[in-house]
Amino acid sequence: MESKEIITHSAAETQQVGEQLAQRLPKGTVILLDGDLGAGKTTFTKGLATGLGIKQLVRSPTFTIMREYHDGRLPLYHMDAYRLENGGGADLGLEEYFDSDGVLVIEWSQWIADLLPADYLRVSLKRADQEDEATRTVTLTAHGTLFVQLVATLKRPADE
Ligand code: ADP
Ligand code: MG
C-alpha cells in the first residue's frame, strides 16, 4: 500500500493536486473520497474535472446519488453513496461503474465497502490545523498495485 501526504494551503492548491492526478488516470479508475463536511471533497473533485478537461461546473451529488460529466478526456462519474446506508449498491449496478470508460469518484464509500474493486485510490481530506481555515492534509493511498507508481510520483503543489 503506497501512501502520500500532501499539505495544501488553499482551495486552489487542493484543486491542483486533483488536477495533476486526473491528467494521469486510466479509464476504469475508482477513487474513494473521504473527509468531513467542508474538508474539500467537492473542491478536490473540481480539480479532477479540470485535469480531465471537463468544463462543466462540478456540483455536489448529494441529492442525486450520481452526477456525470462527459465533456472531458474521460467521463467523470461522481457518486455519493450516503443514501445507500441500508444497502442498494448492488441494485444500483455499481460494479458496472467499477469497470467503466471513465473515472468514478465515490463519497461515503463506507456504505459500499463490500463491493469495492481490487485496485482503487483513496483520497482523504482533513483540516490539518483547527486554528487555520485554509490548511488541509490530503492523503492519497493506492490499494492494489495499479496506482502505486502514480501515488509515488505525485508532486506537491509547491514542488512544481
Ligand atoms: P466538502 O465537499 O468536503 O464538504 P467543499 O469542497 O465543498 O467541502 O468546501 C471546502 C471549503 O473550504 C471551500 O469553501 C474552500 O474554499 C475552503 N478551503 C480553504 N482552504 C482549503 C484547502 N486547502 N483545500 C480545500 N478547500 C479549502
Ligand atoms: Mg461536497
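Everything below is about the structure printed above this text.
Definitions and limits used
Residues numbered from 1 in each chain as written. Chains lettered and ligands numbered in written order. Predicted model: local features only at pLDDT ≥ 70, side-chain atom pairs only at ≥ 80, totals over all residues. Heavy atoms only, no water. Helix = DSSP H or I, 4+ residues; strand = E, 2+ residues; numbered from the N terminus. Rg over C-alpha atoms; globule rule 2.2 N^0.38 Å. Buried < 20%, exposed > 50% of the residue type's maximum accessible area, 1.4 Å probe, protein only. Contact = heavy atoms within 4.5 Å. Near = heavy atom within 4 Å. Polar contact = N/O pair within 3.5 Å; in protein donor to acceptor, adjacent residues only side chain to side chain. Areas by Shrake-Rupley, 256 points an atom, 1.4 Å probe, with all protein chains shown as cover. Lys, Arg positive; Asp, Glu negative; His and termini not counted. Salt bridge = Lys/Arg side-chain N within 4 Å of Asp/Glu carboxyl O. Core = buried A, V, L, I, M, F, W, Y, C linked by side-chain atoms within 4.5 Å. Axes fitted to C-alpha atoms, helices over the stretch in contact; angles between N-to-C directions. Parallel < 35°, antiparallel > 145°, perpendicular 65-115°, else oblique. Left-handed = near helix turned anticlockwise from the far one by under 90°.

Engineer: Is there a simple way to think about the overall build of the protein in this case?
Structural biologist: When its secondary structure is counted, the protein shows four helices and seven strands. When the helices and strands of the protein are placed in sequence order, the string is β-α-β-α-β-β-α-β-β-β-α. In terms of overall dimensions, the protein is globule-like: its C-alpha atoms have a radius of gyration of 15 Å, near the 15 Å expected for 160 residues. Seen through its C-alpha atoms, the protein measures out along the principal axes to roughly 40 × 35 × 30 Å. Taking all 160 residues of the protein together, 45% fall into the buried category. Of the contacts formed within the protein by residues at least 6 apart in sequence, a portion of 65% connects residues at least 24 apart.

Engineer: Quick question: what am I supposed to make of helix H2 (residues 41–51) here?
Structural biologist: Each α-helix winds once per 3.6 residues, and so residues spaced three or four apart point in a common direction. The set of residues buried in H2 consists of Lys41, Phe44, Thr45, Gly47, Leu48, Ala49 and Gly51. Contacts made by the buried residues of H2 are with helix H1 (11–22), strand E2 (29–34), strand E4 (76–80), strand E5 (103–107), strand E6 (120–127) and strand E7 (136–143). Looking one or two residues past H2, Gly53 carries a phi angle of roughly 85°, positive in sign.

Engineer: Got a minute to help me understand the site of ligand 1 in this structure?
Structural biologist: Taken together, 16 residues surround ligand 1, and among them Thr14, Gly38, Lys41, Thr42 and Thr43 come closest. Within the contact set of ligand 1, a nitrogen atom lies 3.0 Å away from a backbone nitrogen or oxygen of Ser10. In the complex, 72% of the free accessible area of ligand 1, which totals 570 Å², lies under the protein chains. Taken together, the elements giving at least two residues each to the shell around ligand 1 come down to H1 and H2. No other element matches the three residues that H2 contributes to the shell around ligand 1.

Engineer: Please clarify how the side chain of Glu107 should be interpreted in this entry.
Structural biologist: Along the polypeptide, Glu107 turns up in strand E5. Despite its burial, Glu107 pairs with no opposite charge, the nearest such side chain being Lys41 at 4.6 Å. In this structure the side chain of Glu107 is engaged in a polar contact, spanning 2.8 Å, whose partner is the side chain of His78.

Engineer: Which parts of the structure should I look at to understand the nonpolar core?
Structural biologist: Burial of nonpolar side chains together is a common tendency in soluble globular proteins. Within the largest apolar cluster, 29 residues are counted, with the highest numbers of intra-cluster contacts made by Leu21, Leu25, Ile31 and Phe44. Mapped by element, the contributors of at least two residues to this core are H1, E2, H2, E5, E6, E7 and helix H4 (148–152). In this view, Ile31 contacts Leu21, Leu25, Leu48, Val103, Leu104, Val105, Ile106, Leu121 and Val123; residues no more than four positions away in its chain are not counted. One finds Met79, Leu84, Leu104 and Ile112 within the second-largest nonpolar core, a separate group that totals 14 residues.

Engineer: What should I look at first to understand the side chain of Thr45 in this one?
Structural biologist: The topology assignment puts Thr45 in helix H2. Thr45 sits in the buried class, given a relative accessible area of 0%. Discounting chain neighbours no more than four positions away, the residues touching Thr45 are Leu33, Val58, Leu76, His78 and Val105.

Engineer: How should the packing of H1 against H2 be read in this particular structure?
Structural biologist: When two helices pack together, their arrangement is given by the angle between the helix axes and by the axis-to-axis distance. Viewed as axis vectors pointing N to C, H1 and H2 meet at an angle of 45°, and their least axial separation amounts to 7 Å. Of the possible angle classes, the one that applies to H1 and H2 is oblique. With respect to the hand of their crossing, H1 and H2 are arranged in right-handed fashion. For the pair H1 and H2, contact is made by Ala11, Thr14, Gln15, Val17, Gly18, Glu19, Leu21 and Ala22 and by Thr43, Phe44, Lys46, Gly47, Leu48, Thr50 and Gly51, respectively.

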